[in-house]
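Commentary on secondary and tertiary structure
Spelled out, the chains give:
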Amino acid sequence: MDKQMFEALSAETLPAKLGRNAALKKTIGEDPARWSVKEVGDGNLNLVFIVTGDKGAAIVKQALPYVRLVGESWPLPLKRSFFEYHALTRQAVRDPGMVPEIFFFDEAQALIVMEFLTPHVILRRALIDGRQLPKIGRDLGLFAARTLFRGSDLAMATRDKKADLALFADNIELCDITENLVFSDPYFEAALNRHTTPQLDPIVQELRADRDLKVEAQRLKHLFSAKAETLCHGDLHTGSVMVTDDETRVIDPEFAFYGPISFDVGMLLANFWMSYFSQSGHEREAGSRDGMRAYLLDTLETVWETFRAEFANLWRTERKGILYQASLFEDRNDPLGAEQALEIVIDEIWREMLGFAGVEMHRRILGLAHNADFETIVDPDRRAACETKALKLGRHLAVNRHHIHSLKDIRALAERLQKETSA
Ligand code: SR1
Ligand code: MG
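We now turn to the structure provided with this report.

1. Observations concerning the overall build of the chain
Across its full length, the chain holds 15 helices and 12 strands. Taking 423 residues into account, the globule formula puts the C-alpha radius of gyration at 22 Å, and the chain, at 22 Å, falls close to it. In terms of overall dimensions, the chain has a C-alpha envelope of 65 × 60 × 40 Å along the principal axes. Buried residues in the chain amount to 57% of all 423 residues. The contacts of the chain with a sequence gap of at least 6 include a subset with a gap of at least 24, amounting to 74%. Surface exposure of the chain reaches about 18000 Å², of which carbon and sulfur atoms provide 51%. Positive and negative charge centroids in the chain, built from 53 and 64 side chains respectively, lie 1 Å apart.

Below you can see the structure in the form of structure tokens.
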């Protein structure tokens, strides 16, 4: 392909345009005339092709110069592909085996050729179908702890951290999307907002008039924009995870940026809580998804407990970066000092994580980018009843996060909300 001029691929043009690509030929077969190509992108931004040949298959992911969900009226730079590539290479080192293998990257064409994960499915789809995946809680907890600890000032030397911070600082437009879509738009009449109407109108009014909530949302936005403590995935929801019963893989880190350790964890847990409240919109008869609901709450507890335990393990074994040097604690025969600091750091992550989870639940129901958990509930009354419960829990998490001490307490509230019959 022409190295300079960006050209968007199509299923028809791909074999001719990439027919001489060595990585693709090696993976799927030498003869492009025998390749079959299917465009499968169902995300908000990019083209995704499955290319199959005599030898196998690969994914070709290409960024478009605009937001696919909205169209050409919302331009978006191609460089997000560069950040996705660099985030994937770092995650592959920090938690081996958890992200797809990259075969080829072309910056000018904003194109990544990567491993085709099969028979994996998107975790969000599996949860909508009521599937209970046994490994995801532990795998995702480990992934979050390893990538977030190892990408932070706790593990990195100052030169490496600053260089990486500078590299990812240019992911401006995608951070701008999150700053607006997650932390501000849901709380006023932003042009692209939508919600289930008229059913949610009263609660939407209430949330937009909620001063405490708006202040908390802005404090969280402040953390997002100013607390550059680690390389975050940036969009870690259940649509960014692919699963089988035995394997978990994390995809799509194009929103990668240096931000709070708590951000990815909060986003992820929010998506399990939303799945929890959406289950009654998918069950054939009342109560038939009780087991699934319990599984989701158990799983999010496993994510958090695994994250916390692995973070503590890395704190004790890999804390060689800028912060909380061993020379102040362990090396001076004061390991308890390091433990005291660990407790404070984890507590701060916990309180921030709850807030990020709260606003993520709001924006997926009130903003531009909704999620399939709720969107696939066809009956609007039923959908609104599920969404209302998630909005209430989101408000509680965002506003009361400094006074919530355990996931057990949140579980009790979620179960109580679930039992409420009316919207
Ligand atoms: C305009 S982009 C909307 C959303 O899609 C991505 O997956 C991110 O979650 C973003 O907020
Ligand atoms: Mg994505």
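2. What about the pairing of strand β1 (residues 36-39)?
If a strand is regular, its side chains alternate between the two faces of the sheet. Alignment of β1 against strand β2 (residues 46-52), held across four bridges, turns out to be antiparallel. Its bridge partner lying in β2, Glu39 is registered against Phe49. Between β1 and β2, which pair antiparallel and follow one another directly, the connecting turn spans six residues.

3. Considerations on the site of ligand 1
In the vicinity of ligand 1, the contacting residues are Asn44, Leu45, Val67, Trp74, Ile177, Leu181, Asp235, His237, Phe255, Arg363, Arg364 and Ala369. Contacts to ligand 1 include Arg363, whose side-chain N or O atom sits 2.8 Å from an oxygen atom. Taking Arg364, its side chain carries an N or O atom lying 3.1 Å from an oxygen atom of ligand 1. Relative to its unbound accessible area of 320 Å², ligand 1 is 95% covered by the protein chains. Sorting the residues of the shell around ligand 1 by element identifies α7 (172-183) and α12 (335-366) as the ones contributing at least two each. Of the residues in the shell around ligand 1, the class split is seven nonpolar, two polar and three charged.

4. Overview of the packing of helix α14 (residues 380-400) against helix α15 (residues 407-419)
Each pair of packed helices gets described by two things: the angle between the helix axes and the distance between those axes. Between α14 and α15, whose axes approach to 10 Å, the crossing angle comes to 155°. Relative to α15, α14 is oriented roughly antiparallel. Relative to α15, α14 is oriented so that their crossing is right-handed. On α15, the residues touching Lys389, Lys392, Leu393, His396 and Leu397 of α14 are Ile410, Leu413, Leu417 and Gln418. In the contact of α14 with α15, the residues fall into five nonpolar, two polar and two charged.

5. Section: the packing of aromatic side chains
On inspection of all chains with the given rule, the structure shows 16 aromatic pairs. Between Trp304 and Trp350, the aromatic rings sit 5.3 Å apart at their centres with planes inclined by 55°, giving tilted as the arrangement. Within this pair, whereas Trp304 is found in helix α11 (residues 290-318), its partner Trp350 is found in helix α12, the two being separated by 46 residues in sequence. Since its relative accessible area comes to 3%, Trp304 is described here as buried. By relative accessible area, Trp350 is classed as buried at 7%. These aromatic residues form a ring-pair network of at least three members: Phe149, Trp304, Phe307, Phe311 and Trp350.

6. A look at the side chain of Ser81
Relative to the helices and strands, Ser81 resides in helix α3 (residues 80-94). Setting aside anything within four residues of it in sequence, one finds Ser81 in contact with Ala63, Phe105, Ala110, Leu111 and Ile112.

7. Notes on the side chain of Lys161
Within the fold, Lys161 resides in helix α6 (residues 158-168). Judged by relative accessible area, Lys161 falls into the buried class, the value being 4%. The residues touching Lys161, leaving out its near neighbours within four places in the chain, are Asp153, Met156, Ala228, Tyr258 and Ile322.

Reading the values: rules and limits
Residues numbered from 1 in each chain as written. Chains lettered and ligands numbered in written order. Predicted model: local features only at pLDDT ≥ 70, side-chain atom pairs only at ≥ 80, totals over all residues. Heavy atoms only, no water. Helix = DSSP H or I, 4+ residues; strand = E, 2+ residues; numbered from the N terminus. Rg over C-alpha atoms; globule rule 2.2 N^0.38 Å. Buried < 20%, exposed > 50% of the residue type's maximum accessible area, 1.4 Å probe, protein only. Contact = heavy atoms within 4.5 Å. Areas by Shrake-Rupley, 256 points an atom, 1.4 Å probe, with all protein chains shown as cover. Lys, Arg positive; Asp, Glu negative; His and termini not counted. Charge placed at Lys NZ, Arg CZ, Asp CG, Glu CD. Pairing = 2+ DSSP bridges. Near = heavy atom within 4 Å. Polar contact = N/O pair within 3.5 Å; in protein donor to acceptor, adjacent residues only side chain to side chain. Nonpolar A, V, L, I, M, F, W, Y, C, P; charged D, E, K, R; others polar. Axes fitted to C-alpha atoms, helices over the stretch in contact; angles between N-to-C directions. Parallel < 35°, antiparallel > 145°, perpendicular 65-115°, else oblique. Left-handed = near helix turned anticlockwise from the far one by under 90°. Phe/Tyr/Trp six-rings, centres within 6.5 Å; stacked < 30°, edge-to-face > 60°.

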